[in-house]
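# Working through the structure, step by step
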Amino acid sequence: MRKRTQLVGFEFGYWKHSQYITEFLDNSLDAIETFHWKEIEKTDSRNKFSLDQETALENLSLIQDFLEEEKHDSVDKEESSIEKEEEAGEIIDKEELEVEEEVRRILDDLDELLKPVVDLVDIEPIVVVRLRESEPASFLTSELSQKNVMNYTIEIFDNGIGMSKGDLRKFGKYLASSKSVELKQTRGSQGFGAPSAFSDAQNTTGKPIIVASKTSNMVYANASEFFTTSKNEKRYLIHPVDVDSPFGHGTYIKLNYLNVKYVRGYVDTYIRETALMNPHITILFIDPYGENITYPRLVSSFPKQPKYAKPHPSSTNIGDLQDLIAKSENLTVSAFLQENFVRVSPKTAKEIINIAEKDLQNKSNLLILEEGFITKSKKKEDPIYFLKNEKRVYGRSEKPRDKMIIYSLDSDDLKNDYWNLISELIKWDKNLVSIDKTIIKLNRRKETIDTKKEQKNITKEVDKLLKEIEVINKQKEDIKHKLYNFVKRNVSGLIEQKKFPSRTDYEDLIREVQISKAKPVELSNEQFNSLFHAFKSIKYMGPPTDTAIPVGDTVLENTLVKEIGLKISENIEDFDEPVPNLVSVKETLLKEKKKLEILSSEDAPLDSSVNNSDIEISVSRILASYDILGNNGDPSEFNSTFNKVFKKIDEESRSSYRDVLNYFTDVHSKDDDFVSAETRPPTSGKGLAYVVEAALAYCNDPKKLDTPKRSRDVLSRFVNRTPKLRDSAECAITKAVQSVNWKNYKLDTFDNNLPKGPLKLLVNVSGPYVHLMFKSQSKNSLADDEELIKEIKYCLEAIGRRLRSYLNKKDTFRKSEKRSSVIERYIPAFVESLFNIVKTTESEYKDKSSPEELENLMKEAIGKKTVPKLTPEPINETQIIPEEKESKELPKKLEIEWEKEVEKPVDEKSRIEDQKPEKETFSEKTLLKWTIKELIEYSKEFGISISPNSKKIDIIKKIQSHYKTEALIEKPTVEVEEELVKLVSKRPESIDTYITSKEGKPVKKPSPKPKPKGKIPQTVQTTLPVITTDKIIATLNNEWQNITHLIFRLKIKDMMDARYLQNRLKELVRRDKVEMQIIKNKKHWKLK
Amino acid sequence: MASKSENWDLKATKQLLQEYLNRNLEEQKKKKVLPVETVEIDDLNKAQALQRIREFTDAIIEKIYQNGRPSIFLPSRTTGNIIWDEENDLLLLGKQIMEKQFHSLASVADMTRLMKVLEKVNELLLKDLHATKREIFYSAVTLFGDQKNSDKCIEDVASMLYTTRNSTHIVASAKGSCVGRLRIRDRNDIIDLEGLGGGGWTISPMLDNIEIIESDAEFILVIEKDAAMMRLAEARFWRKYPCILLTAQGVGNVAVRMFLKRLSKELNLPVFSLVDSDPYGHYIHSVYLRGSKRLSYESPFLATPKIKLLGVLTRDLDKYKIPNSVRIPMNKQDIKRITDLLNEDFVKKNKKWEEDLKLALKLKIKAEIQAFSSHGFEFLTDIYLPEKLTTGDWI
């Protein structure tokens, strides 16, 4: 047993905790995925996860309190249970009662573990991991002479596919993996992890392993308690028994192990990183300190199911081929090759066999001719034989059958002719050998040479030699052909050897040479070796790349955003749904356009389609009239504002609108963090198809993500979504990251050239054959491969380029911010000097202005340049009003809606107006922001007389007094404009959404989505259940009945209904209508 | 070589003086015209300068009222904007204008400093006082940070107002001295430069207080080094040969150059320079001749285009048999300076000068004025200078 433990390397240390987690968490994730993929294949599956619902995991926090209360109890419980278990360990032949008690204890544990998620357990893909510690029995630690050793209980539950009884029996044995049949992109596959963990667990604590599992087709879950033995068998303490389970499908494992005290930073890191790469599964972790860490599901869809992949010849090694051949049931080698490997066509199979046969001919000195065989002699004295199948009548049969006839060449003439040909063949062979040698020499030299030019020359030479080999091979074929012709011509000269002593030897030889005729299972060693060499010597097409499934760049980006809490304007709440507000913008635009179309139907018809630039312009228009410094407005008012503004679109100002838009984009995204992910197209190098992806987050908030002190905290490596925490220095991923020149992308680096900064960098390599790329058995680091490193490098460089532009942008923002503060600092000194001069002169400004006024003016001008000046002049009322009238007549319904929306604010407004006499569009504040020029122009437009040299404040006062008089005259017309401005000045929510969408990125709604609180999503029931509460009560009587009885009596055929029945029963028990008792580990019910 | 006792008659120098006098009569008839593509700089009096400052500040306040973003326009003083006026033989400022904006991080500090300097200038003008650059710097040390900044702003202010530095009443510290046949008035003091012993009169930077009363000199001699000046003063050179001696101890600063300009203009005397026979000496001569590049906008007020390079010429080294022991080989920097000089337009126009520089480049030898001491201390005053002045052996 000890040996086996060492095989997978469970050793005392912090890493051991995460090793346990690794083994079982990966299995759990695979199980959940398998379940999901299986279920979605069914058209009417009722078991599948309801992924479109918001994860109701907020509720978990409520239960957390409950858990904490429970914690103390559970410690007591634990102690008592340990005692019990120890007892159990001694008494193997338990009484039935004790078994029952034990099973009940298992169920209690399970119930407790699942309590927080019990309502989600059938609808949400979830993994629950709990790690608890307790003092180990003293006799266990004494020999370890280690302090701080604790006993750990790990429990892990997943609602994945579960194991059938048959699978469960195998579970825990070595190499009993259900995944190694065919290879696809999975996390583990060989069937070593769990069994080794089991043996370590029982070796260190002497406690059994507890497993309970249930598939969706089983009524009861199957629970068992067992040890694994050195004979790779299981010794049960509790033979598999049927038990009630609180889950519809899934697996529960509990085991104990000894290890040094748990510290944070290993297991929790592993789980966090796993959650990062598997945002489609909810992971719940309860650590030994009782802290609940929840990683809720972040996406609403699972990744695509990877395809099963046949191995590619280039990545197959001799052992694999041997295994496959030993298992094969094919009749010919050609069929075997085609069936078991990808990219082997009949033609390539034939080529492989040809090469193998040529090799064998050389080795066994027997040449295959077009018909028959001829020996290849080395010495002149050797006898020369020609072998051929001829139809002869022999044995008991009277019909002619194929028989191997052996002729010998006796006459000297014939021998001479033969020798002429054979010596030529031998000469070619010698040539071949020498060419081989030179090729080897050249290749060796190539390794030592540095200059590319010389290397090229050598490759050229090698190519030339390879061509020569081809020519020689052709020549050899020619000679063989000649040999055949020569034999055919001189049939008369051949002497049949009737009673040839070593006849069987030759028959064997012929069989040996002819691989094409051999059965794969029966291949001899020689044949196999030749076949393998031939198999490896051919160039194949790269493997198909559809077997590698990446996580996806958007998923990665969004996971990082949510995990770290990055501030990204283009952050999105939901990955699939288009943003409703943007849709409404489009719809409104379309409606408006159609309206206009009807209006102008006499003229040329308008283009009724809405394109991006239309939206852009209208949104810009809204923005332009919107007060930047104002606070957020009601999004519901957006539409009506929008409708009005829409009508004012004019072609000329498009570009200036775009400026406004860009300005707003800038303002909104200036504090943004950065996240970018890149998924490379799948590649296949050396026969392995894989896909590389990376994601990088740059966070400005040190609370969320600080600059890591150690370089290893920057980079997280993943292989097939599984985090790799150890051996980072040797890994190809690390090397690739180091090979990137991060300084080019404005990033600092650590001494080992990993990027430094408030960064998180994820690199994931996915593919069905990635396990072949590992450096060692521990599967912690990928081996160096030029292609792989190049792929990762390209991937990172693509991200780096984006990062650079982000950092540049940030720099400019920082500079402009610095600018304003610096400039502000200089203003007083400047104005003071200026005024000291002015005071002494006879300037007209001597009395007119004051230093304070000048200072204010200059301060206001800071940053003003960046605010685009656009349409401060009010929209002309005369234009709007008729249009509005017209539109009123046309689509009545819509108009009514409008008015409702619009009227309310107007009423409120007019009330305010009564109090505030300055009832024009612009308040004093806004006017103050204008420059003198603008004010003068504005007042000119409205016929307000202003002396050219008057001060700003005077102008504003004049304008305001003008408003007062104007208000009395123009009240009705102004009102419309008024209301418009009011609406405009409120911030429309969906502007953000629009701005970001312009960049072609997923769109985010900043408004928080109302989350269902306290509401637990229910299983989607597609058909009405056959069973009702009445029916159940009717079926129940005063006798104890278990679930199978009930299922039988209710004539339930569907597993879903059975599940429903269980739930109903639970509820009935809660309502005190039904009594429940556990008899023999099974729940029994009866009426009260 | 002439003997010591020979009585020199400065024939050539007198001839030159006569020439100048004649030309001056003609020149007074036609006015000097600067080329159109250059900026016109005026020498202003107090009231005019104050007026300009007022106009300037008014414009700035106007701008602040317009959009709160004041900016200043001033002629660019980069090399690209410096033009050599062939006709008048001067370096002048071109018409390139640059704008300094207050609301720009690059120039906000400059703007504030400029305003500070302007404030000080205004004060100086009002109170009719003069201040040195250093004083300006110390008036707002924290704002300027470094004297380089304030010096730059002082020059900027002058060019911004299209006037000379002198008109801003900011003066360079006094470094030069003058001795010889000249009588001047400094405000109320009448100074006879003949009777000041060997040290001479320290040239005052406040030249607008100086008035030239009279002089019977026949030429002006500008000397690079104090040591050579002392030699001549000790020999009472001006007694024998009526002249005014001037030194700036190195490159001529603004005060010395301006004083020289005034002397040559008012007295209409031939001006000679006596510098070391090395590239730096030639450069010093060129600064007197046409002004430095940095202060090119003031060239018309600082340069003395008629100054002649008397010595020590490269060709004199052989002619006067300067021994090898006092000849110094040129270093890299010297060679670079000499090639730079050879590339200048005003050198190319002067064939004799170009020839001498080329000879220096060929020999790669330099020597100081003191090299003549190897022939005896009196050689310079008794033989070298009289002989050169008599034969007209200058460039």
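Since we're looking at a predicted model, the values are computed, not measured.

The next thing to look at is the overall build of chain B. When helices and strands are tallied, chain B shows 16 helices and 17 strands. Taking all 395 residues of chain B together, 46% fall into the buried category. For chain B, the share of sequence-separated contacts (at least 6 apart) that also reach a separation of at least 24 residues comes to 74%.

It is worth spelling out the packing of helix H24 (residues 851–861) of chain A against helix H2 (residues 46–67) of chain B at this point. Contact geometry for H24 of chain A and H2 of chain B: axes closest at 9 Å, N-to-C directions at 55°. On the basis of their axis angle, the class for H24 of chain A and H2 of chain B is oblique. By crossing handedness, the relation of H24 of chain A to H2 of chain B is classed as left-handed. From H24 of chain A, Leu-854, Leu-857, Met-858 and Ala-861 of chain A reach across to H2 of chain B, where they touch Ile-61, Ile-64, Tyr-65 and Asn-67 of chain B. Tallied by class, the residues present in the contact of H24 of chain A with H2 of chain B amount to 7 nonpolar, 1 polar and no charged.

The next point concerns the pairing of strand E24 (residues 1082–1087) of chain A. Residue and element names in this part refer to chain A. Where strand E22 (residues 1041–1042) lies against E24, 2 bridges are found, and the strand directions are antiparallel. Counted as the bridge partner of Gln-1041 is Trp-1085 from E24. Bridge count for strand E23 (residues 1074–1079) against E24 is 6 bridges, and the pairing is antiparallel. Paired with Gln-1077 across the two strands is His-1084, which belongs to E24.

All names here are of chain B. What the 3 strands build is an open sheet, ordered E9-E8-E11; its pairing is antiparallel. Here the strands that pair on one side only, and so sit at the sheet edges, are strand E9 (189–192) and strand E11 (210–214). Each adjacent strand pair in this sheet contributes to an overall mean axis angle of 25°, direction not counted. Pairing geometry for strand E8 (residues 183–186) and E11, over 4 bridges, is antiparallel. Note on E11: the bridge partner recorded for Arg-185 is Glu-211.

Our focus in this paragraph is the sheet that holds E23 of chain A. Backbone-to-backbone hydrogen bonds join strands into a sheet, with any given pair of strands oriented parallel or antiparallel. With antiparallel pairing, 3 strands are arranged side by side in an open sheet as E22-E24-E23 (chain A). Only two strands of the sheet have a single partner each, and these edge strands are E22 and E23 of chain A.

Another aspect to go through is the interface of chain A and chain B. Between chain A and chain B, the residue contacts involve 27 residues of the former and 26 residues of the latter. Counting residues per element, the ones that place at least two in the side of chain A that touches chain B are helix H22 (786–840), H24 and helix H28 (932–941) of chain A. Here the element with the most residues in the side of chain A that touches chain B is H22 of chain A; it accounts for 13 residues. By residue class, the composition of the side of chain A that touches chain B is 15 nonpolar, 7 polar and 5 charged.

All names here are of chain A. Secondary-structure assignment places Leu-531 in helix H15 (residues 525–537). Accessibility expressed as a C-beta count within 10 Å gives 26 for Leu-531, which makes it buried. Those residues in contact with Leu-531, other than ones at most four positions away along the chain, are Val-333, Ala-356, Ile-515 and Leu-523.

Attention shifts here to the packing of helix H2 (residues 14–41) of chain A against helix H7 (residues 193–205) of chain A. All names here are of chain A. Where H2 contacts H7, the two axes come as close as 9 Å, and the packing angle between them is 140°. Accordingly, the angle class assigned to the pair H2 and H7 is oblique. In this structure, H2 meets H7 at a crossing whose hand is left-handed. Facing Tyr-20, Glu-23, Phe-24 and Asn-27 of H2, the residues of H7 in contact are Gly-193, Ala-194 and Ala-197. A breakdown of the residues in the contact of H2 with H7 according to their chemical character gives 4 nonpolar, 2 polar and 1 charged.

For the rest of this paragraph, the subject is the pairing of strand E7 (residues 177–180) of chain B. Residue and element names in this part refer to chain B. The side-chain alternation of E7 yields two buried faces, one formed by Ser-177 and Val-179 and the other by Cys-178 and Gly-180. Where E7 and strand E13 (residues 243–247) come together, 4 bridges link them in antiparallel fashion. Considered in E13, the bridge of Ser-177 is made with Thr-247.

Below, the discussion takes up the nonpolar core. Of all hydrophobic cores here, the largest spans 118 residues; its most connected members are Val-129, Ala-694 and Ala-697 of chain A. Broken down by element, this core gets its largest block of residues, 10 residues, from strand E16 (residues 688–698) of chain A. If we ignore the near neighbours within four places in the chain, the residues touching Ala-694 of chain A are Ala-677, Glu-678, Leu-761, Leu-762, Val-763, Cys-795, Leu-796 and Ile-799 of chain A. Ile-837 of chain A together with Leu-114, Ile-136 and Leu-269 of chain B belong to the second largest nonpolar core, which has 111 residues in total.

Residue and element names in this part refer to chain A. With 16 residues, helix H33 (residues 1055–1070) should reach 22 Å at 1.5 Å per residue; the first-to-last C-alpha distance of 23 Å fits that figure. Where H33 is buried, its residues contact helix H31 (1029–1035), helix H32 (1043–1050), E23 and E24. Just downstream of H33 lies Asp-1072, where phi reads positive at about 70°.

With that settled, the discussion passes to the confidence of the model for chain A. Low pLDDT means the predicted atomic positions in that stretch should not be read closely. All names here are of chain A. When pLDDT is averaged along chain A, the result is 71, and 66% of the positions lie at 70 or above. For chain A, per-element mean pLDDT is lowest for helix H25 (residues 877–889), which scores 39, and highest for helix H21 (residues 732–739), which scores 90. Residue range residues 602–608 is modelled with pLDDT below 50. Its contacts to residues more than four positions away, or to other chains, number 8 contacts. Low pLDDT, under 50, characterises residues 625–636; the predicted model gives this stretch 18 contacts beyond four residues in sequence or across chains.

Cut-offs applied
Residue positions within a chain follow its written sequence, with the count starting from 1. Here every chain gets a letter starting at A, and every ligand a number starting at 1, in the order they are written. Local features in a predicted model are, by the rule used here, given only for residues with pLDDT of at least 70; side-chain atom pairs are given and counted only at 80 or more, and totals for whole chains, interfaces and linings are based on all residues. Secondary structure elements follow DSSP: runs of H or I of four or more residues count as helices, runs of E of two or more count as strands, with numbering from the N terminus. Exposure classes come from backbone-placed C-beta atoms, where a residue is buried if 20 or more other C-beta atoms lie within 10 Å of its own, exposed if 12 or fewer do, and partly exposed in between. In this description, any two residues whose backbone-derived C-beta atoms lie within 7 Å of each other are considered to be in contact. Here an angle of 0 to 180 degrees is reported between the N-to-C directions of two axes, which are lines fitted to C-alpha atoms, with helices fitted over the stretch in contact. Each angle is binned into one of four classes, with values under 35 degrees roughly parallel, values over 145 roughly antiparallel, values of 65 to 115 roughly perpendicular, and all other values oblique. Helix crossings are classified by the rotation of the near helix relative to the far one: an anticlockwise turn of less than a right angle makes the crossing left-handed, while a clockwise turn makes it right-handed. Under the grouping applied here, Gly and all other residues not named as nonpolar or charged are polar, the nonpolar ones being Ala, Val, Leu, Ile, Met, Phe, Trp, Tyr, Cys and Pro and the charged ones Asp, Glu, Lys and Arg. By definition, two strands form a pair when at least two bridges between them are found by DSSP. As used throughout, a nonpolar core is a set of buried Ala, Val, Leu, Ile, Met, Phe, Trp, Tyr and Cys residues joined through C-beta atoms within 7 Å of each other. One less than the number of residues in a helix, times 1.5 Å, gives the span that helix is expected to have. Here pLDDT means the predictor's own confidence in every residue, given as a number from 0 to 100.

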